[in-house]
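# Observations on the three-dimensional arrangement
These are the residues of each chain, in order.
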Amino acid sequence: MKNKATIIFLILLLVSCGKKYPNDPLADSGRTQRTENLLAKMKAQADSAGYMFGHQDDTAYGIGWVGDSARSDVKTVCNDYPAVMGFDLGHLELGDSVNLDGVPFDKMRQMIIDQFDRGGVVTLSWHLDNPLTGGSAWVKPDSLTDQEKQTVASVLKGGERHELFLGWLDRVAAFISSLETPYGVRVPVIFRPWHEHTGSWFWWGENVCSKEQYMALWQLTRQRLKEKGVVNALFAYSPGADAQPDEQHYMDRYPGDDLIDVLGVDIYCSGAEGDTAAVANYGRRLTGHLAFMQQLGKAHGKAIAVAETGYEGIPMDNWWTAALAPALKDYAVSYVLVWRNAHDKQGHFFAPYPGQRSTEDFVQFYNDRRTLFLRDLNGIYLP
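Definitions and limits used
- Residues numbered from 1 in each chain as written.
- Predicted model: local features only at pLDDT ≥ 70, side-chain atom pairs only at ≥ 80, totals over all residues.
- Heavy atoms only, no water.
- Helix = DSSP H or I, 4+ residues; strand = E, 2+ residues; numbered from the N terminus.
- Rg over C-alpha atoms; globule rule 2.2 N^0.38 Å.
- Buried < 20%, exposed > 50% of the residue type's maximum accessible area, 1.4 Å probe, protein only.
- Contact = heavy atoms within 4.5 Å.
- Pairing = 2+ DSSP bridges.
- Polar contact = N/O pair within 3.5 Å; in protein donor to acceptor, adjacent residues only side chain to side chain.
- Salt bridge = Lys/Arg side-chain N within 4 Å of Asp/Glu carboxyl O.
- Phe/Tyr/Trp six-rings, centres within 6.5 Å; stacked < 30°, edge-to-face > 60°.
- Core = buried A, V, L, I, M, F, W, Y, C linked by side-chain atoms within 4.5 Å.
- Expected span 1.5 Å × (residues − 1).

When helices and strands are tallied, the chain shows eleven helices and eleven strands. Taken over C-alpha atoms, the radius of gyration comes to 20 Å for the chain, in line with the 21 Å a tight globule of 383 residues would show. Each of the three principal axes of the chain carries a C-alpha extent, and together these read 65 × 55 × 40 Å. With 383 residues in all, the chain has 58% of them scored as buried. A fraction of 74% describes how many contacts in the chain between residues 6 or more apart in sequence connect residues 24 or more apart.

If you want it as structure tokens, here you go:
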């Protein structure tokens, strides 16, 4: 009887997708129906005056713990998981078993599937090593070497690291395609490579490669993942936030509507405890960027998101309701993701944990009708 019930469930699941096979790509987009549904819901979510809350590596580790994938600092504080969880693929390209922050890729895969099964959303970043120098993703903007400036050229067609880089992309493609549930459904993800390129601290940054090279990097990435059969990924463009909001700079290296699904921005609050000017400046910069991003989203038919944000150490009792929420309230944001709570780096956390000074304020933020956590989502992958 149990096996019979399982078979009936799977048949109903497939029928509900409107397709014979749930992982078949749609003819117009080359992506699965659930992936397209996620994008449509993200766009509609922005119009519903609510935004999903996300946290990087939420179930991988937290303050004082690591490796318990049922645990979450956010859930411990507000009794709910984030609607969005972020994970990073850095060092997957090297064939390593763990990412650059020590998260095993096999456990990451399961955490991603678990988040999908709970009804939540997943976004993937990629801090990949430098394929030409052998160094990390990061470079020093004030002392760029000639070799670092040749990195992007080296991975493009005809470059000396092109074949190596294709292999790196193939590992990413294989991982994304491997995100499949026991009942045979590939998990939709938002893939966000080549981020913060308007700065020059990554080897794909503004002063490290030309505009044409950066755009070609995006073309190569999308083309290779398509060739390798990736049908469950949306793609996010995510510049860093300028000191002065600047639409022209934001869009200067935009690779095109055919390659991008989500317009994001990475912006952090900085300053020591009591630095009210820094907090005010964060709000001004964030609202300034969201104002033109909202217009761009409408013009280009894209969802918009705050792809990375937060205040390291959260040295402010009411940062959630007095700084973050007010900056978001007038804009059609699909999700906002704060960075990770490192278990092995003192003071490097961006979400509250039990006993942290902003916990009460975070619960108030959680209870705001505009903030959407896991329990607030309702069939985000369904039509």
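A positive phi angle, close to 55 degrees, is found at Trp194, a residue other than glycine. Here Trp194 is to be found in the loop between strand S6 (189–192) and helix H7 (211–227).

Moving on, we get to the pairing of strand S8 (residues 262–266). With five of five residues buried, S8 lies mostly within the body of the structure. With burial as the criterion, each face of S8 is covered, one bearing Val262, Gly264 and Asp266 and the other bearing Leu263 and Val265. Across two bridges, strand S7 (residues 233–237) lies against S8 in parallel orientation. If you follow Tyr237 over to S8, its bridge partner there is Leu263. Pairing analysis gives five bridges linking S8 to strand S9 (residues 303–309), with the strands arranged parallel.

Moving on, we get to the side chain of Ser334. Following the sequence through the fold, Ser334 ends up in the loop between helix H10 (319–328) and strand S10 (335–338). For Ser334, the side chain forms a polar contact with the main-chain oxygen of Ile304, separated by 2.7 Å.

This part covers the pattern of salt bridges. Counted according to the given criterion, the structure contains 14 salt bridges. Note that Asp261 and Arg31 form a salt bridge whose closest N and O atoms lie 2.9 Å from each other. Of this pair, Asp261 sits in the loop between helix H8 (247–251) and S8 while Arg31 is found in the loop between helix H1 (2–16) and helix H2 (33–47), placing the two residues 230 residues apart along the sequence. There is no split in this pair, since Asp261 and Arg31 are both buried. A salt bridge links Glu273 to Arg357, with the nearest nitrogen and oxygen atoms 2.9 Å apart. Taken together, the residues span a long stretch of sequence, with Glu273 in the loop between S8 and helix H9 (276–300) and Arg357 in the loop between S10 and helix H11 (359–367) at a distance of 84 residues. On the basis of relative accessible area, Glu273 is assigned to the exposed category, the value being 56%. Exposure remark for Arg357: the relative accessible area of 37% places this residue in the partly exposed category. Sharing partners across several salt bridges, the network here consists of Asp170, Arg224, Glu227 and Lys228.

Within the structure shown, the criterion is met by 28 aromatic pairs. Aromatic pair Trp320 and Phe365: ring centres 5.6 Å apart, planes at 45 degrees, arrangement tilted. You can see Trp320 sitting in helix H10 and its partner Phe365 sitting in helix H11, a full 45 residues away along the chain. Classification of Trp320 by relative accessible area gives buried; the value is 0%.

In this structure, Met52, Leu89, Trp126, Phe165, Trp194, Trp204 and Trp319 are the most contacted members of the largest nonpolar core, which totals 119 residues. Broken down by element, the residue count for this core peaks at eight residues, all from helix H6 (residues 162–177).

The first and last C-alpha atoms of H7 sit 24 Å apart over 17 residues, in line with the 24 Å expected at 1.5 Å per residue. Of the positions making up H7, those classed as buried are Tyr214, Leu217, Trp218, Leu220, Thr221, Arg222, Arg224 and Leu225. In this fold, the buried residues of H7 make contact with helix H5 (151–155), H6, S6 and S7. A positive phi of about 85 degrees marks Gly229, the residue just after H7.

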